[in-house]
Amino acid sequence: MSIAAAARVGDPVAAIATPALVVDLDALERNLSRMAEFARMHGMRLRPHAKTHKCAEIARRQVAAGAVGVCVQKASEAIALAEAGVGDIYVSNEVIDEAKLHDLAALAGRVKLSIAVDSALGVDRLAEALKAAGSTADVYVEVDVGHGRCGVAPAAAVALAHQVVSHGLRFAGLQAYHGRAQHLRTPAERESAIRHAVSLARAAQASVTSAGIACPLVTGAGTGTFVLEAASGLYGELQAGSYVFMDRDYADNHATPHAPVFEHALFLKSQVMSAGSSHVVVDAGHKSHAIDSGLPRVHGHDVEFVNGGDEHGILRKRGGAPLPALGDTVWLIPGHCDPTVNLHEHYIVVRGGLEAGRVEAVWPIEARGCIR
Ligand SMILES: Cc1ncc(COP(=O)(O)O)c(C=O)c1O
């Protein structure tokens, strides 16, 4: 068995060594086309967030389905995906470190690059780096629309937009992303958070345009709320990322009426390695799946997953359903897809389902570990 990859192309699902990060390709393809179709129907640009999958092959498939490019959060993610052939990348996050800005400015000479800013220092340093590299980038001013994380107050957006233009850079619009709204459980809670976000983004847009600066685009939205941003009439671009995989935490959201339905496409294949009298133990602990958003769900078994530590997961009976037996395969649906992906080198990509399918491909996760 190779240390690097858990399976080879052509292997039956049963031969995939555990624990392994497995993509159900049929489900992934349905998710990609449902989101692309939604964006098309609403006349919106789709720029999915590649922080979810960190994988050039998935980015290419998103673009082939109609996306204009992808978002990333980190300079190193942008570099890794660009090296793997992704040609249109938006760093939807602030970069203040000069060395990273110089790397990005060099990258901007090879791919179409956009970047978010929320400070005067950030704009000056970005402009300096681009000037030194002889390249250019589209710049979005981020507005804090309720998350309380990055972004300026709506009234402060105009000064940064001015500064961007005065450096001879293209002010591409506003970033208005509300992260905390994504996982509010009920549609009513999400609706109320995004109504507030839209009003703040609208105020920022008005202050920019009334100063005589064109604001070509408002970009934002995630898997939990994109239907609301699309309905606002304000946003022109959707940045949802997790829809490609749908983790357990997103599945716990109460569904938004009329939203496209996304399926679980990311699984952790594990195996029962020990059996006690009232529990069994699988070979996947939190070194193989992130637990920041809670524990995984056990696919197809009505049993409880209990944290067993770094390398173990404990399964306990919940009702009358039997526990899997020693040696059985157990498919886990990770609590949070992004940091789970970051723990793995490869996706084992299965066509034909988790029971009878075969490995169609092994995709590298090029931006795995790119946290800088
Ligand atoms: C700026 C930004 N846009 C879009 C997303 C995508 O959100 P999701 O994966 O919830 O769809 C994120 C996720 O954290 C984000 O930070």
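Preceding block: the structure.
Predicted model only: the values in this text are computed from it and were never measured.

J.: Any details on the environment of Ser-270? Residues and values, ideally.
T.: Mapping Ser-270 onto the fold places it in strand S10 (residues 266-275). Take Ser-270: its relative accessible area is 0%, and that puts it in the buried class. Sequence separation between Ser-270 and Ser-210 is 60 residues; the distance between their C-alpha atoms is 57 Å. With sequence-adjacent residues up to four places away left out, Ser-270 is seen in contact with Thr-18, Val-282, Asp-283, Ala-284, Asp-328, Thr-329, Val-330 and Leu-332.

J.: Just give me the short version of the sheet that holds strand S3 (residues 70-72), but keep the residues and values in it.
T.: Strand order in the open sheet formed by eight strands is S2-S9-S8-S7-S6-S5-S4-S3, and the pairing between neighbours is parallel. Pairing within the sheet leaves two strands with one partner each, and these edge strands are strand S2 (45-46) and S3. As paired elements, strand S4 (residues 88-91) and strand S5 (residues 112-117) share four bridges and run parallel to each other. When the sheet's bridge partners are listed, Asp-88 is paired in S5 with Lys-112.

J.: Break down the nonpolar core for me, citing the residues and quoting the values.
T.: In this structure, Phe-245 and Tyr-347 are the most contacted members of the largest nonpolar core, which totals 106 residues. In terms of residues, this core owes the most to one element, helix H7 (residues 187-210), which gives eight residues. In this structure, Ala-6, Ala-17, Val-350 and Val-359 belong to the second largest nonpolar core, which totals 14 residues.

J.: Outline unusual backbone geometry, supporting the account with residue identities and numerical values.
T.: Residues apart from glycine generally show negative phi values, whereas peptide bonds are mostly found in trans. A cis amide bond links Thr-18 with the next residue in sequence, Pro-19, at an omega value of -10 degrees. One non-glycine residue, Ala-221, lies in positive phi territory at about 85 degrees. With respect to the helices and strands, the residue Ala-221 is situated in the loop between strand S8 (218-220) and helix H8 (226-232). Phi is positive for His-258, close to 65 degrees, though the residue is something other than glycine. Mapping His-258 onto the fold places it in the loop between helix H9 (248-251) and S10. A relative accessible area of 80% means that His-258 is categorised as exposed.

J.: Which residues make up the packing of aromatic side chains, and what values do they have?
T.: In total, this model carries six aromatic pairs according to the counting rule given. On the numbers, 6.1 Å between centres and 55 degrees between planes, the contact of Phe-226 with Phe-262 is tilted. One end of the pair, Phe-226, is in helix H8; the other, Phe-262, is in the loop between H9 and S10, with 36 residues separating them in the sequence. Exposure class is identical for Phe-226 and Phe-262. Each is buried. These aromatic residues form a ring-pair network of at least three members: Phe-38, Phe-226, Tyr-243 and Phe-262.

Definitions and cut-offs
- Residues numbered from 1 in each chain as written.
- Predicted model: local features only at pLDDT ≥ 70, side-chain atom pairs only at ≥ 80, totals over all residues.
- Heavy atoms only, no water.
- Helix = DSSP H or I, 4+ residues; strand = E, 2+ residues; numbered from the N terminus.
- Buried < 20%, exposed > 50% of the residue type's maximum accessible area, 1.4 Å probe, protein only.
- Contact = heavy atoms within 4.5 Å.
- Pairing = 2+ DSSP bridges.
- Core = buried A, V, L, I, M, F, W, Y, C linked by side-chain atoms within 4.5 Å.
- Phe/Tyr/Trp six-rings, centres within 6.5 Å; stacked < 30°, edge-to-face > 60°.

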